[in-house]
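Residue-level listing of the chains:
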Amino acid sequence: MIPSYEELMLPLLKAIRDEKIHSNEEIEKRLANEFQLTEEEIQEFVSIKNKKRKFYDRLNWAKTYLKKAQLIEGTDKRGEFKITKRGLEVLEEPPLILDAKYLRKYPEFLNFQKIGKDDVSKKNELKQIDTPAEGLEKIYELLNNELKDEMLERLKKINFYKFESIVIDLVVKMGYGGSKIEISQSLTKKSNDEGIDGIINEDKLGLDRIYLQAKRWSNTTIGRPEVQKFVGALAGKGAIKGIFITTSTFTKEAITYCENLTSQKIVLVDGNKLVELMVEFNIGLHTEQIYEIKRIDLDYFLEE
């Protein structure tokens, strides 16, 4: 019998306790042997529509949950991961059951599930009274949260030129004037950009221009001084509108500073907002599966 993703969590953590880097393929084979799965069970699909292998999919979800609780971490190479110090601490006195309920002791995991500590005690009650439609909505939200987290993680690892290309794809898809080629041609040289990375037209005719700054930073929070430099660069161009995009975050001081500007309008887009926009405008994504929810057309059955 194929174990659930929660049943896979503790065996997965134990399998990588040596602190070495492991691959998805290696761990899948190891745990398949541990649970004595047949070849048919290993190759079994999630459903007729969903052609993902059920065991591999559950293993990935186990890995995702452990990762969100920071018990394991990825590497720069896709499909590889290793245990963290926190994961080793769990194994010092391993719980009888390592599941989502156990992982809610970690604030990072609560944030992933978008629930607060006060909501944890209510979660099981809510689970019992959810309608099927409400359950689907929560699953959809969970999948979307995981998607956004993965996208942001990938954005932080790509080189600046690819990030630049993605930002241009986004603003073009959002309907700003000009093509990708036109915007690319407006990009300034790094040695003389004065804090401005590019220029986009607010409308198709180019009657109003918006200056763009893009920073692919991982762990550096952008403060007011950095934003002020951008505002100063805009003033030097006689511009009044700008967009500052980053994979990182902005300090409260930077946000307040922009909100209080009177002669210029600066929009700050942090990493979370960036991936939200990418999902909304379908940048770097493809549709994997569509499920239709149908209802009876009562009018069709009315007698004439």
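Structural notes, computed from the coordinates. (Residues numbered from 1 in each chain as written. Predicted model: local features only at pLDDT ≥ 70, side-chain atom pairs only at ≥ 80, totals over all residues. Heavy atoms only, no water.)

Moving on, we get to the overall build of the protein chain. Looking only at helices and strands, the protein chain has 14 helices and 7 strands in total. Buried positions account for 37% of the 304 residues belonging to the protein chain. Across the protein chain, contacts joining residues at least 24 apart in sequence account for 64% of those joining residues at least 6 apart. In the structure as shown, the protein chain presents an accessible area of about 19,500 Å², 51% of it carried by carbon and sulfur atoms. (Helix = DSSP H or I, 4+ residues; strand = E, 2+ residues; numbered from the N terminus. Buried < 20%, exposed > 50% of the residue type's maximum accessible area, 1.4 Å probe, protein only. Contact = heavy atoms within 4.5 Å. Areas by Shrake-Rupley, 256 points an atom, 1.4 Å probe, with all protein chains shown as cover.)

An order of β4-β5-β6-β7 is seen for the 4 strands of this open sheet, with the pairing classed as mixed. The open sheet terminates on both sides in strands that have one partner only, identified here as β4 (198-201) and β7 (265-269). On average, each strand axis in the sheet is inclined to that of its neighbour by 25°, with strand direction left out of account. Pairing of β4 with strand β5 (residues 209-215), which is carried by 4 bridges, proceeds in the antiparallel orientation. Looking at the pairing, Asn-201 lines up with Arg-209 of β5. This element, helix α14 (residues 271-280), spans β6 (241-246) and β7 of the sheet and lies at about 85° to β7. (Pairing = 2+ DSSP bridges. Axes fitted to C-alpha atoms, helices over the stretch in contact; angles between N-to-C directions.)

Quick look at the packing of helix α2 (residues 24-34) against helix α4 (residues 54-68) now. In the contact formed by α2 and α4, the axes pass within 11 Å of each other and the chain directions differ by 110°. As judged from the angle between their axes, α2 and α4 are roughly perpendicular. For the element pair α2 and α4, the recorded crossing hand is right-handed. Only Phe-55, Tyr-56, Leu-59, Asn-60 and Lys-63 of α4 make contact with α2, whose side of the interface consists of Asn-24, Ile-27, Glu-28, Leu-31 and Ala-32. Of the residues that constitute the contact of α2 with α4, the class distribution is 6 nonpolar, 2 polar and 2 charged. (Parallel < 35°, antiparallel > 145°, perpendicular 65-115°, else oblique. Left-handed = near helix turned anticlockwise from the far one by under 90°. Nonpolar A, V, L, I, M, F, W, Y, C, P; charged D, E, K, R; others polar.)

The strand order across the open sheet built from 3 strands is β1-β3-β2, with neighbouring strands paired in antiparallel fashion. The strands lining the two open edges of the sheet, one partner per strand, are β1 (22-23) and β2 (72-74). Relative to strand β3 (residues 80-83), β2 runs antiparallel, the two sharing 3 bridges. Across the sheet, Gly-74 pairs through a bridge with Phe-81, a residue of β3.

Across the 6 residues of β6, 5 count as buried, placing the element largely inside the fold. As defined by bridge partners, β5 adjoins β6 across 5 bridges and the pair is classed as parallel. Residue pairing for β6: Lys-215 is matched across the bridge by Thr-246. Bridge analysis of β6 against β7 gives 5 bridges, and the strand direction is parallel. Across the sheet, the residue bridging to Ile-243 is Val-267, located in β7. Following the chain from β6 across helix α13 (residues 252-259) to the adjacent parallel β7, one finds a crossover that is right-handed. (Right-handed = clockwise from strand over helix to strand, strands pointing away.)

Scanning the entire structure with this criterion turns up 9 aromatic pairs. Pairing Trp-61 with Tyr-65 gives two aromatic rings, centres 6.1 Å apart and planes at 75°, and the pair type is edge-to-face. Separated by 4 residues within a single helix, Trp-61 and Tyr-65 lie in helix α4, roughly one turn from each other. One exposure class covers both Trp-61 and Tyr-65, and it is buried. Summarising the aromatic geometry, the rings of Tyr-300 and Phe-301 are spaced 5.2 Å apart at their centres and angled 85° between planes, so their arrangement reads as edge-to-face. (Phe/Tyr/Trp six-rings, centres within 6.5 Å; stacked < 30°, edge-to-face > 60°.)

Another point: α14. Buried within α14 are the following residues: Gly-271, Leu-274, Val-275, Leu-277 and Met-278. For α14, the buried positions fall inside an angular range of 155° around the axis, keeping them on one side. Residue Asp-270 occupies the N-cap position of α14, its side-chain oxygen lying 3.3 Å from the main-chain nitrogen of Asn-272. Downstream of α14 by a residue or two, Asn-282 has a phi angle that is positive, lying close to 60°. (Arc of directions from axis to C-beta. Polar contact = N/O pair within 3.5 Å; in protein donor to acceptor, adjacent residues only side chain to side chain.)

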